[in-house]
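# Architecture and fold: a report
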Amino acid sequence: QKEVEQDPGPLSVPEGAIVSLNCTYSNSAFQYFMWYRQYSRKGPELLMYTYSSGNKEDGRFTAQVDKSSKYISLFIRDSQPSDSATYLCAMMARTGRRALTFGSGTRLQVQP
Amino acid sequence: NAGVMQNPRHLVRRRGQEARLRCSPVKGHSHVYWYRQLPEEGLKFMVYLQKENIIDESGMPKERFSAEFPKEGPSILRIQQVVRGDSAAYFCASSPTPRDTGELFFGEGSRLTVL
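Presented here is a report on the structure given in the accompanying data block.

Analysis parameters
- Residues numbered from 1 in each chain as written.
- Chains lettered and ligands numbered in written order.
- Predicted model: local features only at pLDDT ≥ 70, side-chain atom pairs only at ≥ 80, totals over all residues.
- Heavy atoms only, no water.
- Helix = DSSP H or I, 4+ residues; strand = E, 2+ residues; numbered from the N terminus.
- Buried < 20%, exposed > 50% of the residue type's maximum accessible area, 1.4 Å probe, protein only.
- Contact = heavy atoms within 4.5 Å.
- Lys, Arg positive; Asp, Glu negative; His and termini not counted.
- Charge placed at Lys NZ, Arg CZ, Asp CG, Glu CD.
- Pairing = 2+ DSSP bridges.
- Axes fitted to C-alpha atoms, helices over the stretch in contact; angles between N-to-C directions.
- Core = buried A, V, L, I, M, F, W, Y, C linked by side-chain atoms within 4.5 Å.
- Buried area = accessible area lost by both parts, 1.4 Å probe.
- Salt bridge = Lys/Arg side-chain N within 4 Å of Asp/Glu carboxyl O.
- Nonpolar A, V, L, I, M, F, W, Y, C, P; charged D, E, K, R; others polar.

A few words on the overall build of chain B. Along its length, chain B carries zero helices and 11 strands. Along chain B, helices and strands appear, N-terminal first, in the series β-β-β-β-β-β-β-β-β-β-β. Each principal axis of the C-alpha distribution contributes one length, and for chain B these read about 40 × 25 × 25 Å. The 115 residues of chain B split such that 46% are buried. Contacts in chain B between residues far apart in sequence, at least 24 positions, make up 52% of those at least 6 positions apart. Taking the 17 positively charged and 13 negatively charged side chains of chain B as two groups, their mean positions are separated by 6 Å.

With that out of the way, let us pick up the sheet that holds strand β3 (residues 19–24) of chain B. All names here are of chain B. The strand order across the open sheet formed by four strands is β1-β3-β8-β7, and the pairing between neighbours is antiparallel. Either end of the sheet is taken by a strand with one partner, and the two such strands are β1 (5–7) and β7 (65–68). Between one strand axis and the next, the sheet turns by 15° as a mean value, whatever way the strands run. Judged from the three bridges that link them, β1 and β3 form a sheet pairing that is antiparallel.

What follows covers the nonpolar core. Membership of the largest hydrophobic core comes to 24 residues, with the highest contact counts inside it found for W35, I72, L74, I76, Y87 and M91 of chain A. Those elements that place two or more of their residues in this core are β3 (19–25), β4 (30–38), β5 (45–51), β7 (61–66), β8 (71–76), β9 (85–93) and β11 (106–111) of chain A. With 23 residues, the next largest nonpolar core counts V4, A19, A88 and V114 of chain B among its residues.

Next up on the list: the interface of chain B and chain A. Taken together, the contact between chain B and chain A spans 27 residues of the former and 19 residues of the latter. Carbon and sulfur atoms make up 50% of the area that chain B and chain A hide from each other, which totals about 1,800 Å². In this assembly, chain B and chain A are joined by one salt bridge. We note a salt bridge from K42 of chain A to E108 of chain B, for which the minimum N-O separation is 3.6 Å. Elements supplying a minimum of two residues to the side of chain B that touches chain A: β4 (31–37) and β5 (43–50) of chain B. Counted by class, the side of chain B that touches chain A contains nine nonpolar, nine polar and nine charged residues.

Residue and element names in this part refer to chain A. In the structure shown here, the tally under the stated rule is eight salt bridges over all chains. Residues E45 and R37 are paired through a salt bridge, measuring 3.2 Å at the closest nitrogen-oxygen approach. On the basis of relative accessible area, E45 is assigned to the partly exposed category, the value being 31%.

In structure tokens:
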């Protein structure tokens, strides 16, 4: 079983829709949770970062962490065609290994 | 991409040859990470380096792979005697301090194709 599970999609939605992307994980030591966005043939770029449980909002993006369920989500409101990309969740423990563990990514297509 | 420069962007090698990938981190960043991405898969950690030191190489294959980050110049990921299974995108990322909480700046990757 992978440490981080993420549905690969693809997920296709119409422009303006609310998008929900999710990851589950098994390592209870994970404390830092991130969402990276990766456009085709490009490097990942950090989109959202949260520490421990709770919500964080940045413009059209909201990240949620539920540590009791080992479940994290990214919501995109009013989705735009420019949001079409692969979204990777990533996690890291507070101590020990200083490396991110990534999900396999969900490919999102927003149709105009 | 906040200034992480990787080259070459594309590299083609025949089986048995050596591949050398270079990464210049964001100016002022002294911590470099290498990740590998296979098609339709997420990024897998390979190695974490600081200037002149390998901090964590737990993700590196035991043979044929090596990495360095010299005092001067870019970080180098070297793959000797490449095999077809080494074909992947190799991403370098940097951060300014080890206390950063996973906020890495990634380069655009080097795509290795082994024939």
